[in-house]
Amino acid sequence: MFTPRVAAIHDMSGFGRCSLTIVLPVLSAMGIQCCPLPTAFLSTHTSGFQGFTFLDMTDEMSRVAAHWKALDLDFQAIYSGFLGSGRQIGIVEGFLRDFRKADTLVVVDPVMGDHGRVYQTYTPAMCAGMARLAERADVITPNLTEAALMLGVPYEALPAGEAGCREIVERLSLGGRRSVVLTGASLSEELTGAMCYDAGTGRTEAVQTRRVPREFLGTGDMFASVLTGALVRGAALTDAAAQAVEFVRACAERTAAQDLPMREGVDFEPLLGLLTGGGL
Ligand code: PXL
């Protein structure tokens, strides 16, 4: 049986569980070959650690893409996340031009910030570039902070509640041309999850689960990775979002039960079996 292949364009942070240290194990567990195209190598991620190292891989990325092109590799999906420089926007756009075929799924997680704040290494020009890159995606997975940046409105001015989340995904859909899965969409005090606009069906649907009253870094990366894996395996958008919502909840519950620090991310490794869908 054929194993699908995904090009994963994200940073590698050595400690703190995010980006490639989530994308790789999650896609592998879901039976998908993950080919990493690292955007930067950091000692830790940038949220909650002082003095992290940051090796910008911009120049290496073009060389990797050129080699993959010479090898005539093909990918069922291209999935991008945290970028390391403004120049990388154009490199990822070039990667899409070179590797996207009629049935290639393009998922852009427009990683830029959280809790109303932009990540330390992102400039306004990079945020504008990310919005431009995201226009080429089949599916985007912003959180509320990233949705505000893409809509050009202050975080505090985002429309609220269920109607607000519906309005956000519909406004971000580019007139219905791209699917939008808004994360951190909470329809009541006890619930949280995603609001999904499916460009294939034209429908907007909420996916909710019980809220874990703690926040952990990397849950957006976890969500988008499970969603991408499920879409590659043929799930419909809201079913893929439901798998992602439930897996993130299970990880957050396990991590909260041990009272681990937010910056270390979710303690997901013992739960990967939930994604494999079968024994030996
Ligand atoms: O999870 C988002 C993310 C990804 N990569 C790096 C980060 C962050 C969030 O802080 O710093 C390097």
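Reference entry: report on the structure contained in this document.

Thresholds, definitions, all that
- Residues numbered from 1 in each chain as written.
- Predicted model: local features only at pLDDT ≥ 70, side-chain atom pairs only at ≥ 80, totals over all residues.
- Heavy atoms only, no water.
- Pairing = 2+ DSSP bridges.
- Helix = DSSP H or I, 4+ residues; strand = E, 2+ residues; numbered from the N terminus.
- Axes fitted to C-alpha atoms, helices over the stretch in contact; angles between N-to-C directions.
- Near = heavy atom within 4 Å.
- Polar contact = N/O pair within 3.5 Å; in protein donor to acceptor, adjacent residues only side chain to side chain.
- Areas by Shrake-Rupley, 256 points an atom, 1.4 Å probe, with all protein chains shown as cover.
- 1 Å grid on protein atoms, 1.4 Å probe; cavity = no way out; pocket = protein on both sides within 12 Å on 5 of 7 lines; lining within 4 Å.
- Sits in = over half its atoms within 2 Å of the grid points.
- Nonpolar A, V, L, I, M, F, W, Y, C, P; charged D, E, K, R; others polar.
- Contact = heavy atoms within 4.5 Å.

**Quick look at the sheet that holds strand β5 (residues 54-56)**
Phase 1 of the analysis: Within the open sheet, the 3 strands sit side by side as β2-β4-β5. Their pairing is mixed. Both outer strands of the open sheet, β2 (12-15) and β5, are each paired with one neighbouring strand and no more. Neighbour-to-neighbour, the strand axes of this sheet turn through a mean angle of 10 degrees, independent of strand direction.
Phase 2 of the analysis: Bridge count for β2 against strand β4 (residues 40-44) is 3 bridges, and the pairing is parallel.

**What about the site of the ligand?**
Phase 1 of the analysis: The environment of the ligand is formed by D11, S13, C18, S19, L42, H45, T46, S47, F82, Y119, L217 and D221.
Phase 2 of the analysis: Between D11 and the ligand, the recorded distance is 2.8 Å, taken from a side-chain N or O atom to a nitrogen atom.
Phase 3 of the analysis: S19 places a polar side-chain atom, nitrogen or oxygen, 3.1 Å from a nitrogen atom of the ligand.
Phase 4 of the analysis: Here the ligand loses 98% of its free accessible area of 320 Å² to cover by the protein chains.
Phase 5 of the analysis: In this structure, the ligand is accommodated by the largest pocket.
Phase 6 of the analysis: Split into classes, the residues belonging to the shell around the ligand amount to 5 nonpolar, 5 polar and 2 charged.

**Describing the sheet that holds strand β10 (residues 139-140)**
Phase 1 of the analysis: Ordered in space as β3-β1-β6-β7-β10-β11-β12-β13, the 8 strands form an open sheet in which the pairing is mixed. For this open sheet the edge positions go to β3 (33-36) and β13 (203-210), each flanked by a neighbour on one side alone.
Phase 2 of the analysis: Across 4 bridges, strand β1 (residues 5-9) lies against strand β6 (residues 77-80) in parallel orientation. Counterpart to A8 in the pairing with β6 is Y79.
Phase 3 of the analysis: In this fold helix α7 (residues 219-232) packs onto β1, β6, β7 (105-108), β10, β11 (179-183) and β12 (191-198), with an angle of close to 175 degrees to the strand it touches most, β6.

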